[in-house]
Amino acid sequence: MTSHKESPEQAGPAGVHDAEPHLGSLSSRLNWLRAGVLGANDGIVSVAGLVVGVAAATTDRGPILTAGLAGLAAGAVSMALGEYVSVSTQRDTERALLAKEKLELSTIPDAELAELAALYQAKGLSPETAQKVAEELTEHDAFAAHAEAELGIDPDELTDPWQAAGASAISFTVGAILPMLAILLPPATARIPVTFVAVLVALAITGSLSARLGGARRSRAVLRVVTGGALAMAVTYGIGQLLGVAGV
């Protein structure tokens, strides 16, 4: 249940709650941060596999740099487009649901009040308390109350698809820069070992962060992303070796 704003007497000393984030806002920020970590993880794995494969076939920096930049650009654009389409679809659906809810509130307010009371009763409130809560929330802001209780949507915090697309592109790019630097900066004989180590360490960090944000076990998350990244690089390295030996 969404609590109403405390009066000065209830809130206690001035400023006590000023720095505390609202639950919806905090959840939104955690989701953005988790998406950023996962985007960076995708950038690391995708570009690492690409540049390791090319480095296994040639020691020339030019083809490696070209492949890395191409993979970075393609991956960032793909992530941005995918996120934009996904979030736009979600936003359109949420807007349609909110419009339907607003229409129902204007045409059948009594039925909507009864429905809101029933929702709070289903959450464990007594019928009398649920009815009282529903009436007070309806009097304060009926639309917001129904959006939260029925739809789980905050009308004031709909996700911006452009912002989501930009965040995905940036996080992917940041992750992709690491394997490119690791493969290009060392001498030719050390490129692949250095890249393997740098990428696996970075994946361990992103896996740990994603597990912490999601409340999951860190060891399992780290093992999963590190194993996946190592497998991806091993496969592309093997392909690069074969193509290099074949002179392709």
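Residues numbered from 1 in each chain as written. Predicted model: local features only at pLDDT ≥ 70, side-chain atom pairs only at ≥ 80, totals over all residues. Heavy atoms only, no water.

Chemist: A description of the overall build of the protein should follow, citing residues and the corresponding values.
Modeler: A tally of regular secondary structure across the protein gives eight helices and zero strands. Listed N to C, the secondary structure of the protein is α-α-α-α-α-α-α-α in terms of helices and strands. The buried share of the protein, reckoned over its 248 residues, is 31%. Sequence separation of 24 or more characterises 74% of the internal contacts of the protein that already satisfy a separation of 6 or more. For the protein, the accessible area works out to roughly 14,500 Å², and carbon and sulfur atoms hold 64% of it. (Helix = DSSP H or I, 4+ residues; strand = E, 2+ residues; numbered from the N terminus. Buried < 20%, exposed > 50% of the residue type's maximum accessible area, 1.4 Å probe, protein only. Contact = heavy atoms within 4.5 Å. Areas by Shrake-Rupley, 256 points an atom, 1.4 Å probe, with all protein chains shown as cover.)

Chemist: I'd like a rundown of the packing of helix H3 (residues 61-107) against helix H6 (residues 161-184), residues and numbers included.
Modeler: Put simply, H3 and H6 touch, their axes get as near as 8 Å, and they point 160° apart. Put simply, H3 runs roughly antiparallel to H6. For the pair H3 and H6, the sense of crossing is right-handed. When the residues that make up the contact of H3 with H6 are grouped by side-chain class, the tally is 20 nonpolar, six polar and three charged. (Axes fitted to C-alpha atoms, helices over the stretch in contact; angles between N-to-C directions. Parallel < 35°, antiparallel > 145°, perpendicular 65-115°, else oblique. Left-handed = near helix turned anticlockwise from the far one by under 90°. Nonpolar A, V, L, I, M, F, W, Y, C, P; charged D, E, K, R; others polar.)

Chemist: How would you summarise the packing of aromatic side chains if you had to cite specific residues and measurements?
Modeler: Under the definition given, this model contains one aromatic pair. For the pair Tyr84 and Trp162, a centre-to-centre distance of 4.8 Å together with 50° between the ring planes defines the contact as tilted. With Tyr84 in helix H3 and Trp162 in helix H6, the pair connects residues that are 78 residues apart, well separated along the chain. Accessibility expressed as a relative area gives 61% for Trp162, which makes it exposed. (Phe/Tyr/Trp six-rings, centres within 6.5 Å; stacked < 30°, edge-to-face > 60°.)

Chemist: Go over the environment of Ser126 with me, naming the residues and quoting the values.
Modeler: Structurally, Ser126 is set in the loop between helix H4 (109-122) and helix H5 (127-151). Separated by 2.9 Å, the side chains of Ser126 and Thr129 make a polar contact. (Polar contact = N/O pair within 3.5 Å; in protein donor to acceptor, adjacent residues only side chain to side chain.)

Chemist: Run through the side chain of Arg91, naming residues and quoting values.
Modeler: Along the chain, the position of Arg91 falls in helix H3. As a buried residue without a salt bridge, Arg91 has its nearest oppositely charged side chain in Asp160, at a separation of 5.3 Å. A polar atom in the side chain of Arg91 sits 3.3 Å from the backbone oxygen of Leu158. Leave out the neighbours within four places in its chain, and Arg91 touches Leu158, Thr159, Asp160 and Pro161. (Lys, Arg positive; Asp, Glu negative; His and termini not counted. Salt bridge = Lys/Arg side-chain N within 4 Å of Asp/Glu carboxyl O.)

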